[in-house]
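# Coordinate inspection notes
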Amino acid sequence: MFSHLLTGHNTPGYTLSQLAAQTELSATTGQLMQTDALCQLAEQVLEDDQHVLRLLMHDLQQSPVSDSAMATLTAFQRGQSFDQISHQRKLKPSTVREHLLEAAIFLPVSALPYDRLLPADLQRTFQTRLTGAIDDWQYDTVSDLDIEFWQFRLYAILRSKQV
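Below is a short write-up of the structure. (Residues numbered from 1 in each chain as written. Predicted model: local features only at pLDDT ≥ 70, side-chain atom pairs only at ≥ 80, totals over all residues. Heavy atoms only, no water.)

## Describing the side chain of Arg97
Quick reminder of the rule: Only DSSP runs of H or I covering at least 4 residues are called helices, and only runs of E covering at least 2 are called strands; the numbering of each starts at the N terminus. Here, residues are in contact when the closest pair of their heavy atoms is within 4.5 Å.
Take Arg97: it is sitting in helix H7 (residues 93-106). If we skip the residues at most four places from it in the chain, Arg97 touches Phe82, Glu148 and Trp150.

What follows is the structure in structure tokens.
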């Protein structure tokens, strides 16, 4: 039954409703059978290091955030300042900022201490000045503030995840 749900070259695959009608099973039974088959397949893939699907999915299991960016984020989460991280890791301060932006792009909001990176008063100012679609925001709108571009970019990333 599970194989009939799959699509391929010259094979459109069936819907659960179509298979249920052909096999005289209820749609609920068909759904349970599909879930069971997927669980069995996942179990086989996880148990066999050489399973073709596991090999295909290997790169998908890696974080899109680089190891270096994760090390920077971890140091920042532990309370280190940009200068301390820069000195300890022998990075330029701009690289520290880029690492945090990379983490912000790929990780959930809960993974970054945005309140430490963007104080509440700055967020309120951004919220007042940056309105409309994020794609239409311009740095010029807030460039008179005592901020750097990376803060503007970080706020845009944060807001894009909150929408």
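Structure shown, so let's carry the discussion forward.
## A word on the nonpolar core
Among soluble globular proteins, nonpolar side chains are generally buried collectively. Counted only if it meets this: Think of a nonpolar core as a cluster: buried Ala, Val, Leu, Ile, Met, Phe, Trp, Tyr and Cys residues, connected wherever their side-chain atoms sit within 4.5 Å. Three exposure classes are used, based on accessible area relative to the maximum for each residue type with a 1.4 Å probe and protein chains only: buried under 20%, partly exposed in between, and exposed over 50%.
Counting 33 residues, the largest nonpolar core has Leu112, Tyr114, Leu117, Leu118, Phe126 and Leu154 as its most contacted members. Secondary-structure elements contributing two or more residues to this core are helix H5 (67-77), helix H6 (82-89), H7, helix H8 (114-117), helix H9 (120-129) and helix H10 (149-162). What Leu118 contacts, discounting residues up to four positions off in sequence, is Gln123, Phe126, Gln151, Leu154, Tyr155 and Leu158.

## Looking at H10
Test applied: Here, expected helix span is obtained from the residue count minus one, scaled by 1.5 Å.
The end-to-end C-alpha distance of H10 is 20 Å, a good match for the 20 Å that 14 residues give at a rise of 1.5 Å each. For H10, the complete set of buried residues consists of Trp150, Gln151, Phe152, Leu154, Tyr155, Ala156, Ile157 and Leu158. In this structure, the buried residues of H10 make contact with H6, H7, H8 and H9.

## Looking at a nonpolar patch on the surface
Just so we agree on the cut-off: Nonpolar side chains (Val, Leu, Ile, Met, Phe, Trp, Tyr) are joined into patches within 5 Å and like charges within 9 Å, using only residues with over 30% relative accessible area and no salt bridge. In these tables, accessible area is a Shrake-Rupley quantity obtained with a 1.4 Å probe, and a residue counts as shielded only by the protein chains included in the view. By definition here, a salt bridge exists when the distance from a side-chain nitrogen of Lys or Arg to a carboxyl oxygen of Asp or Glu is within 4 Å.
On the surface, a cluster of nonpolar side chains totalling about 360 Å² of accessible area is made up of Val52, Leu53, Leu56 and Met57. Here Val52 is to be found in helix H4 (residues 52-57). Judged by its relative accessible area of 53%, Val52 falls in the exposed class.

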